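What follows is the residue order along each chain.
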Amino acid sequence: MICVSIAQKTQEEALAAIERSARVAKALELRMDVIGQGDLTELMEACRQASPDIKIIVTCRRPEESLLSVALSAGAARKTISQAEKMALFRQAATLGADFIDLELACGENAIKKMRAFIRRLKSPTKIIVSWHDLSRTPSLARLKSIFHLGQQTGADVVKIVPFARQPKDNLKTLGLLAYAKTQKIPLIAMCMGDEGKISRVLASFLGSYVTFATLPGVGQSAPGQLTVGAMKEIYRLMEKGESAARPELANPPQHNFVLLGNPVGHSLSPLMHNRALKELSIDGHYSACRVEDLSAAVTGIRGLNLRGASVTIPFKTAVMEYLDSIDEDAAALGAVNTIVNERGILTGYNTDWLGLILAVKDRMAIAGKTFVVLGAGGAARAAVYGLQKEGARVIIVNRTEKKGRALAVRFGCSFYPLSEVKKICADCLLNTTSAGMFPDIEQSPVPSSVLNHFEVVADVIYNPLQTRLLQEALAQGCQIISGLEMFVRQGAGQIKLWTGREAPLALMRKIIQERLENLEF
Ligand code: NAP
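The notes below deal with the structure included here. A quick note: this is a predicted structure, and the numbers were derived from the prediction, not measured.

**Topic: helix H11 (residues 295–304)**
Here comes step 1: Considered for burial, the residues of H11 that qualify are Leu295, Ala298, Val299 and Ile302. End-on, the buried residues of H11 take up no more than an arc of 95°, which puts them together on one face.
Here comes step 2: Residues of H11 that are buried in the fold lie against strand S9 (255–262), strand S11 (307–312), strand S13 (339–343) and strand S14 (346–350).
Here comes step 3: Where H11 begins, one side-chain oxygen reaches toward the backbone nitrogen of Ser296, 3.2 Å away; that side chain belongs to Asp294.

Set out below in structure tokens:
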């Protein structure tokens, strides 16, 4: 069972990590010692909403047994939690029906037995993991066995033993313990921390470890040496198929072929734009759109076909992150990938949406110090807010669904207004990132025309039609306008640069798309 630790510093970040992690892991560990102001009820609800079958482990690690706590204490915030508070938290977890609570052996046999009695009285299904960690070394196998028996004696349902590997042979001791535990009648979780311990994380499942811990790109490790869920699954797949675990770095340099991964993709203008750009740059390659049913298999296909890269569109921009080997800093910060680059089998995710938008806006107005109203709270809004803030703008989010809008506003520290109150706002620029007005619903506009004179500039991310009803009404009110076409071609130019290292023929790309859209019949 692959488990991802949710060890973010704030409740909002933890909720976002839960949403991503629940799609790929079988279990989530809520690290209540790390999540600042962690509201366990809300976190557990979010886990179950994200995936009803997910197993929930509630942990409140004492600093002496957590390298993450050591790292945090070097920085600003570290939570101080007394033993009494910790036990109260575990009682709450059991009352809420957590699948597991993780108590350190160091809590003492009495405390563990009391917790066991509490759970029994409650008739809660919660099981107790009794854990032991050594942050600096791996003791002898004999010592590991005696720790295992101490855990067993507390009445634990599962014992967890995680030492730190300094040298490769430390893995053998820990894996040896797993083999030993098989002869006993109690499940064991065992692996080594640290870079030297990575191999134990991979092999632990094969040798019967009840759980193994992995991380997601951009989510962060809760202990050193954790591999990504994607890497772990790929290794399991190779091992199960009995293939040689050929290192992907050994793949040949990829051909300059590309795919668009999305669903649906039939309407996409990306193939037209990119194929013309490749031809103009005399690059012998092709770009095709693929309607994806199985995202994991599609990403494996990029490696298998040795493609140079891919674009990613709705609905996979966030989900794809789990399957990549690394994520660029901006893409990780905004939580979405629209571009994949294949460097000899190593897939890296980038996001050019935010940059495309910023370049399109910058062409027409200064951003720093200006106030932008971003309409919408989906993927395009996220890219817009991220880019605008990075450029020094003040952002106000306005959305139809209040909960979604507020969550995005909290995530980026902006103010929020419901769509019904947009008339109360004046700002430098109104930026529509909703799909209201997009073909075929071209008569729609996200806001009434009467509010448009509250803004100097009105921008739309929609590029089909070229001039949305919103932009037409804004022109009539005397506003300057920016069309979604500009963002579209610039995000595409950013992709060309990442894939080929060359400057894209921007004017040609704009002309091709503009001509196609002008000739479309509505
Ligand atoms: P998304 O994640 O599905 O989000 C859509 C947003 O639009 C949500 O906030 C939704 O509000 C809002 N919305 C939808 N219909 C609405 C209506 N009738 N009135 C008010 N709000 C409405 O989609 P996305 O990925 O952000 O994409 C949004 C648009 O951006 C699409 O048209 C897409 O083609 C375009 N886009 C353009 C580019 C480009 O390069 N130009 C790049 C990316 C995206 P609720 O929260 O209330 O549902």
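That was the structure; now back to the text.
**Here's the deal with the site of the ligand**
Here comes step 1: In the vicinity of the ligand lie 26 residues, with Ala377, Ala380, Asn399, Thr401 and Val461 positioned nearest.
Here comes step 2: Arg400 places a polar side-chain atom, nitrogen or oxygen, 3.0 Å from an oxygen atom of the ligand.
Here comes step 3: Phe488 is positioned such that a nitrogen or oxygen atom in its backbone is 3.5 Å from an oxygen atom of the ligand.
Here comes step 4: A total of 940 Å² of accessible area belongs to the ligand in isolation, and the protein chains cover 80% of it.
Here comes step 5: At the level of secondary structure, the elements contributing two or more residues to the shell around the ligand comprise helix H14 (379–390) and helix H17 (484–500).
Here comes step 6: Residue contributions to the shell around the ligand peak at four residues, all from H17.
Here comes step 7: Its residues assigned to classes, the shell around the ligand shows eleven nonpolar, eleven polar and four charged.

**Topic: the packing of aromatic side chains**
Here comes step 1: Across all of its chains, the model carries six aromatic pairs by this definition.
Here comes step 2: When the ring of Tyr287 is compared with that of Trp499, the centres are 6.1 Å apart and the planes differ by 50°; the resulting orientation is tilted. Pair noted here: Tyr287 is in strand S10 (residues 287–291) and Trp499 is in helix H17, with a separation of 212 residues, a long-range link.
Here comes step 3: Classification of Trp499 by relative accessible area gives buried; the value is 1%.
Here comes step 4: Here the aromatic rings of Tyr463 and Phe488 are separated by 4.2 Å at their centres, their planes lie at 20°, and the arrangement is stacked. Of this pair, Tyr463 sits in the loop between strand S19 (455–460) and helix H16 (469–476) while Phe488 sits in helix H17, and the two are 25 residues apart along the sequence.
Here comes step 5: Taking the relative accessible area as the measure of exposure, Tyr463 reaches 21% and is therefore partly exposed.
Here comes step 6: On the basis of relative accessibility, which here comes to 6%, the residue Phe488 falls in the buried class.

**Concerning the sheet that holds strand S20 (residues 480–482)**
Here comes step 1: Taken in spatial order, the six strands make up an open sheet running S17-S16-S15-S18-S19-S20, and their pairing is parallel. Edge strands, defined here as strands with exactly one partner in the open sheet, are strand S17 (415–418) and S20. Adjacent strand axes in the sheet meet at a mean angle of 20° when their direction is disregarded.
Here comes step 2: In terms of strand pairing, strand S15 (residues 371–375) meets strand S18 (residues 427–432) through four bridges, oriented parallel. Across the sheet, residue Phe372 finds its bridge partner in S18, namely Cys429.
Here comes step 3: Packed on one face of the sheet, H14 meets S15, strand S16 (394–399) and S18 and runs near 170° to S15.

**Some details on a nonpolar patch on the surface**
Here comes step 1: A cluster of nonpolar side chains, Phe206, Leu207 and Met239, forms an exposed patch at the surface whose accessible area comes to about 240 Å².
Here comes step 2: Secondary-structure assignment places Leu207 in the loop between helix H8 (198–206) and strand S8 (212–214).
Here comes step 3: Leu207 sits in the partly exposed class, given a relative accessible area of 30%.

**Quick notes on unusual backbone geometry**
Glycine aside, residues mostly have negative phi angles, and peptide bonds mostly take the trans form.
Here comes step 1: Following Phe439, the chain continues to Pro440 via a peptide bond in cis, the omega torsion being 5°.
Here comes step 2: In this fold, Pro440 is placed in the loop between S18 and S19.
Here comes step 3: Residues Asn464 and Pro465 are joined by a peptide bond in cis, for which omega reads 10°.
Here comes step 4: Mapping Pro465 onto the fold places it in the loop between S19 and H16.
Here comes step 5: For Ser282, which is not a glycine, the phi torsion comes out positive at approximately 55°.
Here comes step 6: Secondary-structure assignment places Ser282 in the loop between helix H10 (270–280) and S10.
Here comes step 7: In the Ramachandran plot, Asn306 falls in the positive-phi region, its phi being about 50° despite a non-glycine side chain.
Here comes step 8: Structurally, Asn306 is set in the loop between H11 and S11.

Conventions adopted
- Residues numbered from 1 in each chain as written.
- Predicted model: local features only at pLDDT ≥ 70, side-chain atom pairs only at ≥ 80, totals over all residues.
- Heavy atoms only, no water.
- Buried < 20%, exposed > 50% of the residue type's maximum accessible area, 1.4 Å probe, protein only.
- Helix = DSSP H or I, 4+ residues; strand = E, 2+ residues; numbered from the N terminus.
- Arc of directions from axis to C-beta.
- Contact = heavy atoms within 4.5 Å.
- Polar contact = N/O pair within 3.5 Å; in protein donor to acceptor, adjacent residues only side chain to side chain.
- Near = heavy atom within 4 Å.
- Areas by Shrake-Rupley, 256 points an atom, 1.4 Å probe, with all protein chains shown as cover.
- Nonpolar A, V, L, I, M, F, W, Y, C, P; charged D, E, K, R; others polar.
- Phe/Tyr/Trp six-rings, centres within 6.5 Å; stacked < 30°, edge-to-face > 60°.
- Pairing = 2+ DSSP bridges.
- Axes fitted to C-alpha atoms, helices over the stretch in contact; angles between N-to-C directions.
- Patch = residues over 30% accessible without salt bridge, like charges linked within 9 Å, V, L, I, M, F, W, Y side chains within 5 Å.
- Salt bridge = Lys/Arg side-chain N within 4 Å of Asp/Glu carboxyl O.

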